[in-house]
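So the chains spell out like this:
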Amino acid sequence: MPMATFAQSQLEPTTQTAQAPNDGFALGDRQFQFDIGAQALSGALLAYSRVSGIDVAFDGSLPEGVMSTALSAEMTAASALNLILSGSGLSWVAVNATTVSIIRSDEMSEQEAVTVPVTVTSSQRALGLNGVPDEVYETPGSVNVITQEAMRKTQVRESRDIFNGVAGVDISNDARDPGLTVNVRGQQEMGRVNVNIDGARQNYNQVTHGTTSRVYLDPALLASVTVDKSNLDQNGGAGASAGIVTLRTLNTDDILDPDEKWGGKVNLSHGTNNYQFAGDASVAERLTPEFDIAAAVSRKVIGNYRAGSHNPRLFTTGNGNYYSVKNSRPEYTYSRQTSGLLKANVKLTDDQELRLGYVGSTVDYAKTSDVTNSFVDFNETQTHTLTAKHNWDPVSDLINIDTNLYWTRTQNNQKRPVRYTASGTVSTNSFETDYTLDTVGADLANESRWYLDDLNDGLSSVRLNYGAEFFQDKGTTDSSTGNEGGSGAGYQLEGSTPGGKRGVAGSFLRGTYDWNDLFEVHGSVRYDYYQLNGDAYWCDVRNTCANGGVPYDVDLSDQKLSPSFGASVTPVQGMQVFANYRENMRAPTITETMIKGEHIGNVGIPFYSNANLKAEESETKEIGVNFKYDDVVQKGDKFRAKLSYYRTKVENYITLGYVPQPATTNSGFGVLTNQAAAMVNLSDPVYINGTELELGYDAQRYYLGGTLSINDMDLEGNYNPFVLNTTYDATANYNSSFGTLTGPLYGSGATLYGIYAMPKRKITVDGGLRFFDQDLVVGMSGTFVQPQDNFGSSSLSTVVGKYFSYRVFDFYSSYKINDNVSVSFNVNNLFDEAYVQGSGGTFSPAPGRTGVLTLRGNF
């Protein structure tokens, strides 16, 4: 089936007029699940007939240029037909119990028909662990959706918790940093995953021990999250290789019911384990039929939490050191976050709409960069995102144009206190550093559709989607030191997260042929281009960074034409089989290309820019199957499932590796090789294989769902360690002792800094019961994780080598007191498990048992 939007339908209960002949024929009161997009009447009526089993007859041709009304709801056959024909000038009469005839409204007299009141309601239920709408199980590709209902089910402590039950997705950042580092199918950071807020890319990077890319947003402002892992032939696919994660924030339709002119929602939470307060309020008003506004504000105050006590082992480092909750305490885990948004929606004409939005956030937190919590940084991170979206959708199959403009800024003010030796003297100066990244972008897309003549009694159509996008990153880093008499200078922090500019552009053309919603084939091509340039420098023992090093120009650009294609077939009702293939180019970031200076604290490890860095090129193959069945065990129940297998190959994989300095020093006993670090391309392909399963069964009184993620990363870490365009000493990559050379030292997987992989196996289960007309919901969820070993040399750094398996259980409940007030209570980590969540560079145990009480109200 063609790709659909993922907003759930919200049809206002109305009374329609159904036509029935005097002989009493009726279409019955059986409910059908309709999902028919706005299209030519002939196509809509054929789709209606397939779902309802009602034959539709009409005399002569249907009026040209008239579109049907979009329909996505569960309702009777009569109600659906009324909505499809509304505004068309056509009516219908029942010829018999299974056949209707379409006629002009002015041809029907009062004697020929009687009026039957029909109440139209939407009862489309969201199924599965994350409240997944039905469109996911009709899409021939890997798509995940997290609804607001699922996010509100358990009050989360951190944004990353909302992704816990998504197949093929993991969050890899430190538990003390509220930013998100999203891993999709084993790939993360540096733009491999396009994480955006309302379509505005969030490309912020900051180099630390651990993960680098982060996105900051309070989940209280979210309306839904969509993870698209298959279709990058759309705007948002430029520069990405693993997927597109769209964080859609609240708007008027998310706050107000369809029949409300104005109103709002309030949520207040308080809990144990220093879950001090979380509250949000949202309001909206439909000022006129053409203009509405919405606003929301959120505040969260969380103190230092206590880790779990059971199963206390956490991880080991590459040198074999073992850590548990006893020697790796979760210190500095507090955060203070204030967020807000403002939206305005204007209907310019009958076929044009303008949507304007602002989303902002300020969060204060602290984090440490080592196991002993000796080195702490205090951070204030601000984010600002402005979006302007325009849609022009005239009564034409050829035009449906979306235009988007955006600007986003992430700025982190980091204060690093002075560091002391064991004897109390100053070892490292204090720092205050501002990291800023601005991203501006624009994209344009259109869809054109042609409905072809019937083929073997089936409707066929051709759809073209095409568009173009551009975005530019501009990064700046400014650092100053307190000069307390210790080591360290501002250039050390300015170089590790460098400033610079990067421009990325892309365009795509995707053609899709569909026959009778039973067979679909698509093919596409996208063109991507990037350019990145700036001034850098490199240092060694002869040319020190303190003296300015050696100037080094970086000027990179590349382009690629990437094909993709796929097909799906529905061999039996309720089952859809699909297969997809795509290629992509991932452009290097400013940080990857322009990194320079040296490690803070004068430890003697410079960072080198790599003027020869190549873009990553990847190809992904996947096969999968969707299942969608109703009335399986009992009337009214629903079963949904999506199973897929993927294999990705990445050429020129980019990561941080250790490299030699061009010059060496002589100790008198031999030559001592000096170490540096740089972003390098791996010479061998990286292979990532995985299986994903998402399923849900809902019988109204009870439900059961879950996900399975299996991932295996096959990484060969060889690389060229001579990244500088200069002459190296003959022994630069060797150790020498009394004239004996040993090596080479750098250039293999053993000297990579660290590549973080999502868990090898992750299973989530979720089930619950509904009582008192579904006003009371009680449920439990469980998460079982077997981590994958990280790749790279932990012995040369402080990165984690191996995490231990863990299992976590959560309890949740909610009670709807009346239409306006509800209360919920959940206990996260019910059995107080000690574990390290995520898969990359975190030393802090996750929170222990935490109970949260939440009061929700509508007005």
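Residues numbered from 1 in each chain as written. Predicted model: local features only at pLDDT ≥ 70, side-chain atom pairs only at ≥ 80, totals over all residues. Heavy atoms only, no water.

J.: How would you sum up the packing of aromatic side chains? Please name residues and give values.
T.: Scanning the model with the defined rule gives 14 aromatic pairs in all. For the ring pair Tyr322 and Phe804, a centre distance of 6.0 Å and an interplane angle of 55° mean the geometry is tilted. One end of the pair, Tyr322, is in strand β20 (residues 322–324); the other, Phe804, is in the loop between β46 (800–803) and β47 (806–816), and 482 residues separate them in sequence. With relative accessibility at 45%, the residue Tyr322 sits in the partly exposed group. Between Trp538 and Tyr608, the aromatic rings sit 6.5 Å apart at their centres with planes inclined by 80°, giving edge-to-face as the arrangement. (Phe/Tyr/Trp six-rings, centres within 6.5 Å; stacked < 30°, edge-to-face > 60°. Helix = DSSP H or I, 4+ residues; strand = E, 2+ residues; numbered from the N terminus. Buried < 20%, exposed > 50% of the residue type's maximum accessible area, 1.4 Å probe, protein only.)

J.: Explain a nonpolar patch on the surface residue by residue, including any values.
T.: Side chains of Tyr466, Leu509, Val525, Tyr527 and Leu561 sit close together on the surface and give an oily, nonpolar patch of about 420 Å² of accessible area. Residue placement: Leu561 occurs in strand β31 (residues 550–572). Take Leu561: its relative accessible area is 58%, and that puts it in the exposed class. (Patch = residues over 30% accessible without salt bridge, like charges linked within 9 Å, V, L, I, M, F, W, Y side chains within 5 Å. Areas by Shrake-Rupley, 256 points an atom, 1.4 Å probe, with all protein chains shown as cover. Salt bridge = Lys/Arg side-chain N within 4 Å of Asp/Glu carboxyl O.)

J.: How would you explain unusual backbone geometry if you had to name every residue and give the values?
T.: Between Gly743 and the following residue, Pro744, the backbone shows a cis peptide bond with an omega angle of 5°. Note on placement: Pro744 falls in the loop between β43 (740–742) and β44 (761–771). In this model, Asn274 sits at a positive phi of 65°, which is unusual for a non-glycine residue. Within the secondary structure, Asn274 sits in the loop between β16 (262–271) and β17 (275–288). The exposure class of Asn274 is partly exposed, given its relative accessible area of 34%. Despite not being glycine, Asp517 shows a phi value in the positive range, around 60°.

J.: Break down the sheet that holds strand β11 (residues 187–188) for me, citing the residues and quoting the values.
T.: One open sheet holds the three strands; their spatial order is β9-β10-β11, and the pairing between them is antiparallel. Whereas interior strands pair on both sides, the edge strands pair on one side only; in this sheet they are β9 (169–171) and β11. (Pairing = 2+ DSSP bridges.)

J.: Which residues make up the side chain of Asp698, and what values do they have?
T.: Mapped onto the elements, Asp698 comes out in strand β40 (residues 686–698). Taking relative accessible area as the criterion, Asp698 reaches 2% and is therefore assigned buried.

J.: Lay out the sheet that holds strand β3 (residues 55–58) with the relevant residues and their values.
T.: The strands making up a sheet are joined through hydrogen bonds of the backbone, oriented either antiparallel or parallel. A sheet is described by the order of its strands in space; here three strands give the open sequence β3-β6-β5, paired in mixed fashion. Looking at which strands have only one partner, the edges of the open sheet turn out to be β3 and β5 (90–96). Looking at each pair of strands side by side, their axes are set apart by 30° on average, direction ignored. Here β3 pairs with strand β6 (residues 99–104) via four bridges, running parallel. Within β6, the residue paired with Val56 across the bridge is Val100. Each of β3, β5 and β6 touches helix α1 (residues 41–52); the most contacted strand, β3, lies at about 150° to it. With respect to the sheet, helix α2 (residues 77–85) is in contact with β5 and β6, its orientation differing from that of β5 by roughly 150°. (Axes fitted to C-alpha atoms, helices over the stretch in contact; angles between N-to-C directions. Contact = heavy atoms within 4.5 Å.)

J.: Explain the pairing of strand β14 (residues 222–228) to me, and be specific about the residues and the numbers.
T.: Among the seven residues of β14, seven are classified as buried, and the element is accordingly described as predominantly covered. Here strand β8 (residues 143–147) runs beside β14; their pairing, made up of five bridges, is antiparallel. Opposite Ile146, over in β14, you have Val225 as the bridge partner.

J.: Account for α2, with residues named and values stated.
T.: The element α2 is extensively covered by neighbouring structure, given that nine of its nine residues are classed as buried. Turning to α2, its buried residues are Ala77, Ala78, Ser79, Ala80, Leu81, Asn82, Leu83, Ile84 and Leu85.

J.: Outline α1, listing residues and values.
T.: For α1, which comprises 12 residues, the first-to-last C-alpha distance of 16 Å matches the rise-based estimate of 16 Å (1.5 Å per residue) to within 8%. Contact partners of the buried residues in α1: β2 (31–36), β3, α2, β5 and β6. (Expected span 1.5 Å × (residues − 1).)

J.: Give a description of the pattern of salt bridges that names residues and reports values.
T.: In this structure the tally under the stated criterion is 37 salt bridges. Measuring nitrogen to oxygen at the nearest pair gives 2.5 Å for the salt bridge that ties Arg192 to Glu616. Residue Arg192 is found in the loop between β11 and β12 (193–197), and its partner Glu616 is found in strand β34 (residues 616–630); the two are separated by 424 residues along the sequence. Accessibility assignment for this pair places Arg192 and Glu616 in one class, buried. Between Lys638 and Asp630 there is a salt bridge; the shortest N-O distance is 3.7 Å. Overall, Asp630 belongs to the partly exposed group, its relative accessible area being 35%. Through salt bridges with shared partners, one network takes in Asp134, Asp630, Lys638 and Arg640.

J.: Outline the packing of α1 against α2, supporting the account with residue identities and numerical values.
T.: Following both chains from N to C, one finds α1 and α2 inclined at 170°, their axes separated by 11 Å at the closest point. Considering the angle they form, α1 stands roughly antiparallel to α2. Contacts between α1 and α2 pair Leu41, Ala44, Leu45, Tyr48 and Ser52 from the former with Ala77, Ala78, Ala80, Leu81, Ile84 and Leu85 from the latter. (Parallel < 35°, antiparallel > 145°, perpendicular 65-115°, else oblique.)

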